[in-house]
Amino acid sequence: MKKKALSLMLAAAMVAGTMAGCGNSNAGSDTPASTPAPATNEDAASNDGAADNSGAEAEADGDYYVDEDGNKYKKFDDVRLNMLICWNGGFKTADDQYNNEVAAAIREKIGVTVEFEGINMSETEKLNMMFASGDMPDMINAPFWGGNGGETAVIKKAGQEGRLIDIKNLVPNYPSIADAYEIGVISTKYLENDIEPPENNGARYVLPTEVSGSIEDKAVWAYGVFVREDVAKTLNVDPASIKTSQELFDFMVQARDYGFKDVNGNDCIVATTYHNGWSYGDYAASFDQKKLTSYELDENGNVTLGKLNENWIDKNLFLWRMVKEGLLDKECFTQSDDRGKEKAGNGTALFTCAQYGMTIDATKQTGLYEAHPEMRYVPVGPLQYQDGSPLVQVESEGRSGSPVIFFPTTCSNIDAALTWLDYVNSKEGTRLICYGFEGDTYELNEEGQPRMNADLTERYRTDSEGVKEELRARGINYMAGRTYVAKKNTKWFGESGPFEADAVDPYLADYRKQRPVEILPGYAIDAMANGFEGYDEFAEWAFDDSKETEYTQRAYFADTEDEARAILEDYQEYLMTNDGGKMQAFLDYMTEVSKTRDDFAY
Amino acid sequence: MGGKNTGVVLTPEQKAHNRKRLMTEIWKHRMLYLFMVPCVVWLLIFCYAPMTGIVLAFKNYRFDLGIFGSEWAGLKHFRNFMTSPEFWTTTKNTLIISLLKIAICFPAPIILALLLNEVRAKKFKSLVQTMSYLPNFVSWAVVVTLLTAIFSPYGGLYNDIRKSMGLEAIFVMGERSAFYPLVIFSDMWKNVGWSSIVFLSAITGVDQGLYEAATIDGANRWQCTWHVTLPGIAATIGIMFIMRMGGILSADMDQLLLLQQPANLPISQVLDTYVLQTGIKYGKFEYATAIGLVKSVISLAMVTLTNFLTQKYAEVGLW
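Every chain is numbered independently, its residues counted from 1 as its sequence is written. Chain labels run from A onward and ligand labels from 1 onward, assigned in the order the entries are written. Whole-chain, interface and lining totals are the exception, using all residues; otherwise, since this is a predicted model, local features are given only for residues with pLDDT of at least 70 and side-chain atom pairs are given and counted only at 80 or more. Hydrogens and waters are ignored; side-chain quantities use all the structure's heavy atoms.

Caption draft 1: Fine view of the overall build of chain A. Here a helix means four or more residues in a row that DSSP labels H or I, a strand means two or more in a row labelled E, and each is numbered from the N terminus. A tally of helices and strands in chain A yields 25 helices and 21 strands. Partitioning the intrachain contacts of chain A with sequence separation of at least 6 by distance along the chain shows that 78% fall at a separation of at least 24. Each accessible area is a Shrake-Rupley estimate made with a 1.4 Å probe; only the visible protein chains count as cover when residues are assessed. Accessible surface for chain A amounts to roughly 24,900 Å². Of this, 47% is attributable to carbon and sulfur atoms. By definition in these notes, contact holds between two residues if any of their heavy atoms fall within 4.5 Å.

Caption draft 2: The arrangement of the overall build of chain B in detail. Within chain B, the secondary structure is distributed over 17 helices and two strands. When we talk radius of gyration, it's over C-alpha atoms, and the globule rule is simply 2.2 Å times the number of residues to the 0.38. Taking 319 residues into account, the globule formula puts the C-alpha radius of gyration at 20 Å, and chain B, at 25 Å, lies well above it. Pairs at least 24 residues apart make up 65% of the contacts formed inside chain B by residues separated by at least 6 positions.

Caption draft 3: Quick look at the pattern of salt bridges. Residue and element names in this part refer to chain A. Salt bridge, as used here, is a side-chain nitrogen of Lys or Arg placed within 4 Å of a carboxyl oxygen of Asp or Glu. Under the definition given, this model contains 45 salt bridges over all chains. Residue Asp-415 is joined to Lys-74 by a salt bridge in which the shortest nitrogen-to-oxygen separation is 3.7 Å. With Asp-415 in helix H15 (residues 414–424) and Lys-74 in strand S2 (residues 72–74), this pair connects stretches of sequence that are 341 residues apart. Here the term buried applies to any residue with accessible area under 20% of the maximum for its type, exposed to any over 50%, and partly exposed to those in between, with areas from a 1.4 Å probe on protein chains only. With relative accessibility at 1%, the residue Asp-415 sits in the buried group. Judged by relative accessible area, which is 16%, Lys-74 ranks as buried.

Caption draft 4: Local environment of the interface of chain A and chain B. The interface of chain A with chain B comprises 45 residues on the first partner and 38 residues on the second. There are three salt bridges connecting chain A and chain B. Close ionic contact of B:Glu86 with A:Lys547 constitutes a salt bridge, the shortest N to O distance being 2.5 Å. The term polar contact refers here to a pair of N or O atoms within 3.5 Å; inside protein, the definition further demands a hydrogen-donor-capable atom paired with an acceptor-capable atom, and it admits residues adjacent in sequence only when both atoms are side-chain atoms. In this structure, the connection of chain A to chain B is made through 12 residue pairs in polar contact (both at pLDDT 80 or more). Sorting the residues of the side of chain A that touches chain B by element identifies helix H1 (2–20), helix H5 (123–133), helix H6 (150–160), helix H12 (337–345) and helix H24 (545–556) of chain A as the ones contributing at least two each. A total of nine residues in the side of chain A that touches chain B trace back to one element, the largest contributor, which is H1(A). Under this grouping Gly is polar, as are all residues other than the nonpolar Ala, Val, Leu, Ile, Met, Phe, Trp, Tyr, Cys and Pro and the charged Asp, Glu, Lys and Arg. A per-class count over the side of chain A that touches chain B returns 16 nonpolar, 12 polar and 17 charged.

Caption draft 5: Looking closely at the pairing of strand S5 (residues 139–144) of chain A. Residues and elements named next belong to chain A. Among the six residues in S5, six count as buried, and that is most of the element. Residues Met-139, Asn-141 and Pro-143 line one face of S5 and the alternating positions Ile-140, Ala-142 and Phe-144 line the opposite face, and both faces are buried. Strand pairing is assigned whenever DSSP identifies at least 2 bridges connecting the two strands. The pairing of strand S3 (residues 79–88) with S5 spans three bridges and is classified as parallel. Bridge pairing links Ile-85 to Asn-141 in S5. Pairing analysis gives five bridges linking S5 to strand S15 (residues 402–406), with the strands arranged antiparallel. Each bridged residue has a counterpart across the sheet, and for Ile-140 the counterpart in S15 is Phe-406.

Caption draft 6: Examining helix H12 (residues 221–232) of chain B more closely. Residues and elements named next belong to chain B. Among the residues making up H12, those that are buried are Cys-224, Thr-225, Val-228 and Thr-229. The buried residues of H12 occupy one face: seen down the axis, they fall within an arc of 125 degrees. Exposed positions of H12 whose direction lies more than 90 degrees from the buried face are Trp-222 and His-227. Lining the buried residues of H12 we find helix H6 (107–118), helix H10 (179–204) and helix H11 (208–216). What the arc covers is the set of directions going from the helix axis to the C-beta atoms.

Caption draft 7: A look at the environment of A:Val323. Residue and element names in this part refer to chain A. Locating Val-323 in the fold gives a position in helix H11 (residues 310–324). On the basis of relative accessibility, which here comes to 2%, the residue Val-323 falls in the buried class. Put simply, Val-323 and Asp-69 are 254 residues apart on the chain and 57 Å apart in space, counted from C-alpha to C-alpha. Setting aside its immediate chain neighbours within four residues, Val-323 contacts Leu-328, Lys-330, Phe-333, Tyr-556 and Phe-557.

Caption draft 8: View of the sheet that holds strand S8 (residues 225–228) of chain A. Residues and elements named next belong to chain A. With mixed pairing, the four strands of this open sheet are ordered in space as S9-S12-S8-S13. Strand pairing shows two members of the sheet lacking a second neighbour, strand S9 (269–271) and strand S13 (377–380), which therefore form its edges. Averaged over all adjacent pairs, the angle separating strand axes in this sheet is 25 degrees, with direction ignored. Of the strand pairs in this sheet, S8 and S13 are connected by four bridges, and their pairing is antiparallel. When the sheet's bridge partners are listed, Arg-228 is paired in S13 with Tyr-377. The convention used is that axes are lines fitted to C-alpha atoms, helices contributing only their stretch in contact, and that angles between N-to-C directions extend from 0 to 180 degrees. Across the sheet, helix H10 (residues 245–258) is in contact with S8, S9, strand S12 (349–352) and S13; its angle to S12 comes to roughly 165 degrees.

Caption draft 9: Expanded view of helix H23 (residues 535–542) of chain A. Considered for burial, the residues of H23(A) that qualify are A:Tyr535, A:Phe538, A:Ala539, A:Trp541 and A:Ala542. Tucked into the core, H23(A) has its buried residues touching helix H25 (561–594) of chain A.

Caption draft 10: Quick peek at the nonpolar core. Residue and element names in this part refer to chain A. Counting 94 residues, the largest nonpolar core has Tyr-283, Met-322, Leu-328, Phe-351 and Phe-586 as its most contacted members. Of all the elements, H25 adds the most residues to this core, at 11 residues. Membership of the second largest hydrophobic core comes to 89 residues, among which are Ile-106, Ile-119, Ala-132 and Leu-207. Put simply, a nonpolar core is a bunch of buried Ala, Val, Leu, Ile, Met, Phe, Trp, Tyr and Cys residues held in one set by side-chain atoms that sit within 4.5 Å of each other.

Caption draft 11: Molecular detail of a nonpolar patch on the surface. Residues enter patches when their relative accessible area tops 30% and they take part in no salt bridge; the joining distance is 9 Å for like charges and 5 Å for the nonpolar side chains Val, Leu, Ile, Met, Phe, Trp and Tyr. On the surface, B:Tyr33, B:Met36, B:Val40, B:Trp42, B:Leu43, B:Leu44, B:Phe46, B:Tyr48, B:Met51 and B:Ile54 cluster together to form a nonpolar patch covering roughly 930 Å² of accessible area. Structurally, B:Val40 can be placed in helix H2 (residues 30–48).

Caption draft 12: Quick peek at the packing of aromatic side chains. Within 6.5 Å between ring centres, the rings of Phe, Tyr and Trp (the latter by its six-membered ring) count as paired, and their orientation is classed by plane angle as stacked under 30 degrees, edge-to-face over 60, tilted in between. Throughout the structure, instances matching the rule amount to 61 aromatic pairs over all chains. Measuring from ring centre to ring centre gives 5.7 Å for A:Phe532 and A:Tyr589, while their planes differ by 50 degrees; the resulting arrangement is tilted. Of the two residues, A:Phe532 is situated in the loop between strand S20 (523–524) and H23 and A:Tyr589 in helix H25; the sequence distance between them amounts to 57 residues. What makes A:Phe532 buried here is its relative accessible area of 10%. With a centroid separation of 6.3 Å and 25 degrees between ring planes, the pair formed by B:Phe81 and B:Tyr274 is classed as stacked. Taken as a pair, B:Phe81 in helix H4 (residues 76–83) and B:Tyr274 in helix H16 (residues 271–281) lie far apart in primary sequence, 193 residues in all.

Structure below.
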């Protein structure tokens, strides 16, 4: 009998264990009845009493915090929110996100704590899984580069299919983030086509972030090509004299043939990239033209796409030659950032590309310049455009794509979430999350601007990673990375971030001046594309970047130039013939559209 | 096992008697059946209940409406897949890789089991067995990272050896011609030991008297293996083969996804990686489900066909 009872108990326990995993606290994708309805502005306002910073009614409603500039924030009763940082590669935070000093200081003022979580997988994959399962956090930060592909398409679909809260009428109540929609901060094209496309029926689901709220705060990404200084000196080449991709190619051939070694005495790779080939196009930059879109006008005044032209083939054949000649790292197309950084950090790659900051970070992590100062990576060129003008960072009137923050319908307290963002984007809040505490981590200079204290600044010069880690443990200088909306740091503090004025890498500062931002006037013509009948379906294959990458990268590994050319021409033919040759109809439509106004920019 | 049809027609009384006997047997072994309940529950919940999701293949999926609430799309996704250029490429690639694995990787554990069975030194046998099982516990991510490190043109062991021999370094992982050997070699390294367990256990079930009789009749060890051991485990081999054929359109996604490089994409894009790409990455859940359903139907057909053939020619079958 005892045995029987034991057997029954064990079996019951096993069944219970099996069933335990089946519970679902959230509304599943296949249970529409229990899926939360899309919250409207009115819902959110009535549920949470959306902060009305100027309303007397709201003032009477409860406890408020007023910051040093007179901004008023509703104070919540210890609301905890979670925010997904949907960027592949994770997000470093303080070990204790609730009890660190900055989180405690924010909580003391507004009663809200936001805890972050990063991801180590494809962003699109994560977003798709999250929206389909209905298992979503309170807030999400993700890429939103505009157009109809990748993360942008998923986020737009989620908004239009009731997974996101419409924040159009909520955001104006939070003055420190409301300017994110201003033209100049973002472009008209971005606002009309991506932030509030016609399919949204007047709703706005995303809040643009990491955009500049002032002219001084326009981010200079400092893209380019960089070479180990000892390579240039040994080969007696002035890196600044390299102006075209062909000259760069010849320089690389010389470097390859010389037989340089890395810090460990191993053979070197000539040129590498960071994750998944980011951004090998920099090596072929002199095939590019200075323009805003991928469209161009041909000699007959017809609109065409860059990737349908001979120049596109020439550019990709140039990259094929780089691979064929052993100049471009064959592993780079599938490697991780860490692997790329390892190659730069050990001086194994003679040339690097992408943002200068990446290479500088890589060398800091390994201490390359301390042991081998001669191996410092210095800028090449900058290269020139096809027409001979120097490369710049081309921008339209404002950002046409950016990271965004959005709020799933599962957000437990939209008012608290927006209040938190409003506070950390205020002058006082920005200073707190970036610089920490006056008299402790920073002092005010004569202009009243915060500057990290002398000890931290001194240590940052030689051990930036160590100092960042130390500050992060206290909650300082990591939140802003993914939560600033329209950045005004330089306008307010005279530097874009802590240590920038006193300890920024002088090479980086100098290079930023060589690759300045240039705002091209006009209305980007690609904004008109979605007027084409059946555009969504058409864009799915015509502007499928992964398809293009698949073809071009296949071409880079072709045995002969003819084979590479054939693959590239195959892709062009696919574009022109797919779906019954719809591409020509689309180009004809764009040509007609191009005649409707005279301020189109290409 | 076997599922042989004797052709005997039972009377209703005999059927009732058999049913009663079955119930008596079940009651007699009720504790064992009770222990089986969790597995059955697990199977129903995790294997059968999700099958209702197949309906997604016939829908235009919307996040807010869910699988069952979304509008019907008929056979649109099947048509799109069948007429897409990816259909033939991915199907062909999947079949080539699967058939290569069946031809080379399927017999490998049988051979290993037969060889291990002949080892007389117990300690050595245990050592070899343990060593061969270990790679099974290494994830594909680690296996491919190891391969990448070994074959890297920049400091990889393989290319260092080539260079020391005066040869040029080559990017093995990116060579299209190296793709199939890499797939087969890594699959065999990882799975051969673990897969041999089932055959080793089948070998231990072979009647020892048969070996004695064969030896008395003058059979040597090779003849014992060929005429006693192999026929003795034929049923196990048959069943494993039927099951393997069922997975002919599953070419081990983890491995292939990780081994994919721009250069080998035309031969490494298989159905599973394509489903992953279109389904989860691009959010075309319904399209990916349709592909998955096509794959499942073909797999079921393959299992049925193989089962029929093995029953007919080897008297081995799953049902």
